[in-house]
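Spelled out, the chains give:
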Amino acid sequence: MALAPALSAMQRGGCESESAAGWAAAAAAEEEEEEEEQEEQGRVDAGGSGEPERTAREEPARAPAPAPNPAQPGAAEEGDARVLRRSPPGPSAEPAQGPWPHGKPRSRGRSCKRSSGRAADGYHFVRPVTVDSSKARTSLDALKISIRQLKWKEFPFGRRLPCDIYWHGVSFHDSDIFSGQVNKFPGMTEMVRKITLSRAVRIMQNLFPEEYNFYPRSWILPDEFQLFAAQVQMVKDDDPSWKPTFIVKPDSGCQGDGIYLIKDPNDIRLSGTLQRRPAVVQEYICKPLLIDKLKFDIRLYVLLKSLEPLEIYVAKDGLSRFCTEPYQEPTPRNLRHIFMHLTNYSLNIHSGHFVHSDSTSTGSKRTFSSVLYRLSSKGVDIKKVWSDIISLVIKTVIALTPELKVFYQSDIPAGRPGPTCFQLSPGVFENVPSLVDEEVKVAVIRDTLRLMDPLKKKRESHFPDLYMDRKHRFPLGSDRLPSAKLHLSKLSVVRSQQLEKPLARKEDPSDSDLASSSDGSSKPNPDAQLPSICLKQVFPKYAKQFNYLRLVDRMANLFIRFLGIKGTMKLGPTGFRTFIRNCKLSSSSLSMAAVDILYIDITRRWNSMTMDQRDSGMCLQAFIEAFFFLAQRKFKMLPLHEQVASLIDLCEYHLSLLDEKRLVCGRSGRLGVRPPYSGTAQEATAAALLAEGSVPPCPDGLSHSRHALS
């Protein structure tokens, strides 16, 4: 599909009677383009670093060789394919007008400056954003439609020069990206697995049981099978009428694979499979909310724009997937009826009762907004529903971010070149087989790209009149893309081309690229014809209401500080001792020998439970358990979250004093004597303590690195 323009051009101009001179001229032109591209490689690529280039990439068309072909694809100019595809010049090509019969010659001398890209009216046409989609395996269709609507440049086979955005289909892992933005966070694939997610939420439930009661009680198999069986039997003994149902989910499963229901712990399939494929077992909700007597779920898209500072967006619309058999409460007879109990699209699509519909309010897949409309007609408070959803989203992300920070500093250590990350979750794994998918998924991906646009500020500064008050000049209703031209039997790329025809008629044909105008008569703006952003910021907008939950996040910052070696994810014994010593946590009742025993016991137990044995040492969750132990020991008679918060405050206080002391010692060491103090108030306090002898003098060779405390 990506080669269609090039192939059509080759068919139009590929006559066998073309002279060899035409081919040689085209080759010479491409060699000049290659040399120019290599010159650009010698400079810092502004697009890769998230800033607009100082020189526009799209200059006015110039013909360095005879008989230029307007249909010839500019692969070398765009930096797209590694293997250049070119078509021979057309036999009917008209010569260029003007004193130069073959177009104005390109000067090769250094004294001649390249075009600045500025139009006659003084506007600087910003180049389009570049997107590397060579690894976008799963969301490729919706991504292509989104890029075409934004009029950005896609590189489906990669690019030698850095791109602004790299769109990966599955995971982050790529050691060749040193700039730009990647749509995956390191470690997110591991964090959204059933076991890791359950452990992260369990920590938050220990600290804030009321705030995290939305997550069902979970047991990790096979490690906690005996505990699971004992607790279920205990409840049954107390209440013989209790007849629960449990759902078993494989840890790394997706699309409903391997999920089944049980009525008793003895029904778990223990033979072989569970040992090779760990799972999570949870209490099953036996009386869910039904629409049309069918069970359904809600698939809302959440954009994690950044970790530090934390920034979260929620899509204003999503998808609801429906079962294809009327729901009945679980009984031994219907436990295996997957079309009744599981809402996964990948399962129900094989049901004979699956309803394909282009309507957003009927069928087996509908928009979430249509579901909300049905609920509001029954008297449900939709504002309360949205408030609860936003609260649930923020709390879940807060539970995941501590471990994500550890993964992030491991893959992209501070001080080393690397990209910034963002992620849209859950991933848009399916294609766009229906109008419902088209309406939701394309809008979410397109507006995610718009929010991450590295050239947005530059474009706004150049087109202030076009961006001013867009909300009122471009209402959402008038900008909805027409769906009548979509043909479900064709590929989504064909649908995207049809989708853009109404928009193309509003544009000047010469403005196919953002910088194609050379006379300054127009100021193209790709956002002008797009609807308003469908993603709503919820954090830090509501940060004041949820910041008190971020205790584990602060513990993760302490953990990362004492890791010592950049790139590691495990805390060694020396780092743990340094943490205890620098935070003044040892005492007569907690000797350093007891600290070593605590480290060994907790680390050994967690290493036996985790499958990742690449590094030896204490993982973040083991550090959190040790931190809980120290907090309960030091601050008794308080709730756990207050104990932990008090210990975090104490640690941060002692570390701030240590940082101030190092700052003062560093200044003194550079000058050779203690100078008159002229710093901040906090630094002056530390200097006064040094002068009075209240703080021990700085040892020789004291490290100034946050990551070299051990």
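Provided above is the structure to which this section pertains.
Residues numbered from 1 in each chain as written. Predicted model: local features only at pLDDT ≥ 70, side-chain atom pairs only at ≥ 80, totals over all residues. Heavy atoms only, no water.

1. Considering the overall build of the protein chain
Here comes step 1: From N to C terminus, the protein chain includes 24 helices and 17 strands.
Here comes step 2: Looking at the protein chain residue by residue over its 710 residues, the buried ones come to 48%.
Here comes step 3: A separation threshold of at least 6 residues defines the contact pool for the protein chain, and within that pool the share at least 24 residues apart is 70%.
Here comes step 4: Only carbon and sulfur atoms are counted for the fraction: they give 54% of the accessible area of the protein chain, which is about 36,400 Å². (Helix = DSSP H or I, 4+ residues; strand = E, 2+ residues; numbered from the N terminus. Buried < 20%, exposed > 50% of the residue type's maximum accessible area, 1.4 Å probe, protein only. Contact = heavy atoms within 4.5 Å. Areas by Shrake-Rupley, 256 points an atom, 1.4 Å probe, with all protein chains shown as cover.)

2. So, the pattern of salt bridges
Here comes step 1: Counted according to the given criterion, the structure contains 21 salt bridges.
Here comes step 2: Across the salt bridge formed by D264 and K236, the nearest N and O atoms sit 3.2 Å from each other. Remark: K236 occurs in helix α7 (residues 225-238) and D264 occurs in the loop between β7 (260-262) and α8 (273-276); sequence separation between them is 28 residues.
Here comes step 3: By relative accessible area, D264 is classed as partly exposed at 22%.
Here comes step 4: On the accessibility criterion, K236 (22% relative accessible area) is partly exposed.
Here comes step 5: We note a salt bridge from R605 to E625, for which the minimum N-O separation is 2.0 Å. Note that R605 is positioned in helix α21 (residues 592-609) and E625 in helix α22 (residues 620-634), a separation of 20 residues in sequence.
Here comes step 6: The class of R605 is partly exposed, set by a relative accessible area of 37%.
Here comes step 7: The exposure class of E625 is partly exposed, given its relative accessible area of 27%. (Salt bridge = Lys/Arg side-chain N within 4 Å of Asp/Glu carboxyl O.)

3. Examining the environment of M204
Here comes step 1: By the secondary structure assignment, M204 is in helix α6 (residues 194-207).
Here comes step 2: Along the sequence, M204 and K395 sit 191 residues apart, while their C-alpha atoms lie 9.0 Å from each other.
Here comes step 3: Beyond its immediate sequence surroundings of up to four residues, M204 is in contact with P209, Y212, I398, A399, L549 and V552.

4. Focus: the sheet that holds strand β3 (residues 165-168)
Here comes step 1: Taken together, the five strands give an open sheet; going across it, the order is β2-β1-β3-β4-β15, and neighbouring strands pair in parallel fashion. Every interior strand has two partners, whereas the edge strands, β2 (153-155) and β15 (420-421), have only one.
Here comes step 2: In this sheet, β15 lies alongside strand β4 (residues 181-182) in parallel orientation, the contact comprising two bridges. Note on β15: the bridge partner recorded for Q181 is T420.
Here comes step 3: Across the sheet, helix α4 (residues 140-150) is in contact with β1 (130-135), β2 and β3; its angle to β2 comes to roughly 150 degrees. (Pairing = 2+ DSSP bridges. Axes fitted to C-alpha atoms, helices over the stretch in contact; angles between N-to-C directions.)

5. What about the packing of α4 against helix α13 (residues 435-451)?
Geometry of a packed helix pair, given as the angle between the helix axes and the separation of the axes.
Here comes step 1: For the pair α4 and α13, interaxial distance at closest approach is 9 Å and the crossing angle is 55 degrees. One finds that α4 runs oblique with respect to α13. By crossing handedness, the relation of α4 to α13 is classed as right-handed. Residue-level inspection shows A142, L143, I145, S146, I147, Q149 and L150 of α4 in contact with α13, the latter providing E438, V442, I445, R446, L449 and R450. (Parallel < 35°, antiparallel > 145°, perpendicular 65-115°, else oblique. Left-handed = near helix turned anticlockwise from the far one by under 90°.)

6. Observations concerning the pairing of strand β8 (residues 279-283)
Here comes step 1: With four of its five residues buried, β8 lies for the most part within the structure.
Here comes step 2: As paired strands, strand β5 (residues 218-221) and β8 are joined by four bridges and run antiparallel to one another. Paired with S218 across the two strands is Q282, which belongs to β8.
Here comes step 3: Where strand β6 (residues 246-250) and β8 come together, five bridges link them in antiparallel fashion.

7. Focus: the sheet that holds strand β11 (residues 302-306)
Here comes step 1: Spatially, four strands are ordered β16-β11-β12-β17 in an open sheet, and the strand pairing comes out antiparallel. Bordering the open sheet on either side are β16 (423-425) and β17 (535-539), each of which pairs with just one other strand. Here the average twist between neighbouring strands, direction ignored, is 25 degrees.
Here comes step 2: On the sheet, helix α12 (residues 382-411) packs against β11, β12 (311-315) and β17 and is oriented at approximately 140 degrees with respect to β12.
Here comes step 3: Strand contacts of α13: β11, β12, β16 and β17, with the helix running at about 60 degrees to β17, the strand carrying the most contacts.

8. A closer look at unusual backbone geometry
Here comes step 1: Omega for the peptide link from L221 to P222 comes to 5 degrees, which places this bond in the cis form.
Here comes step 2: One can find P222 in the loop between β5 and α7.
Here comes step 3: With an omega of -5 degrees, the peptide bond between S425 and P426 qualifies as cis.
Here comes step 4: When you line up the elements, P426 lands in the loop between β16 and α13.
Here comes step 5: Positioned with a positive phi, D292 is a non-glycine residue whose angle comes to about 55 degrees.
Here comes step 6: Given the relative accessible area of 42%, D292 is considered partly exposed.

9. Re the nonpolar core
Here comes step 1: In this structure, L304, I312, F576, F579, F627 and V644 are the most contacted members of the largest nonpolar core, which totals 91 residues.
Here comes step 2: Here this core takes 12 residues from α12, the largest share from any one element.
Here comes step 3: If sequence neighbours within four positions are ignored, F579 has contacts with F562, L585, F623, F627, L630 and C651.
Here comes step 4: Residues L150, A315, L319 and V444 belong to the second largest nonpolar core, which totals 32 residues. (Core = buried A, V, L, I, M, F, W, Y, C linked by side-chain atoms within 4.5 Å.)

10. Focus: α6
Here comes step 1: Its 14 residues place the ends of α6 20 Å apart at the C-alpha level, agreeing with the 20 Å of an ideal helix rising 1.5 Å per residue.
Here comes step 2: Within the sequence span of α6, burial applies to I195, S198, R199, A200, V201, I203, M204 and L207. (Expected span 1.5 Å × (residues − 1).)

11. Looking at the packing of aromatic side chains
Here comes step 1: In total, this model carries 18 aromatic pairs according to the counting rule given.
Here comes step 2: For the ring pair F576 and Y599, a centre distance of 5.7 Å and an interplane angle of 40 degrees mean the geometry is tilted. Pair noted here: F576 is in helix α20 (residues 573-582) and Y599 is in helix α21, with a separation of 23 residues, a long-range link.
Here comes step 3: On the basis of an interplanar angle of 65 degrees and a centroid distance of 5.2 Å, the ring pair of F579 and F623 is categorised as edge-to-face. One end of the pair, F579, is in helix α20; the other, F623, is in helix α22, and 44 residues separate them in sequence. (Phe/Tyr/Trp six-rings, centres within 6.5 Å; stacked < 30°, edge-to-face > 60°.)

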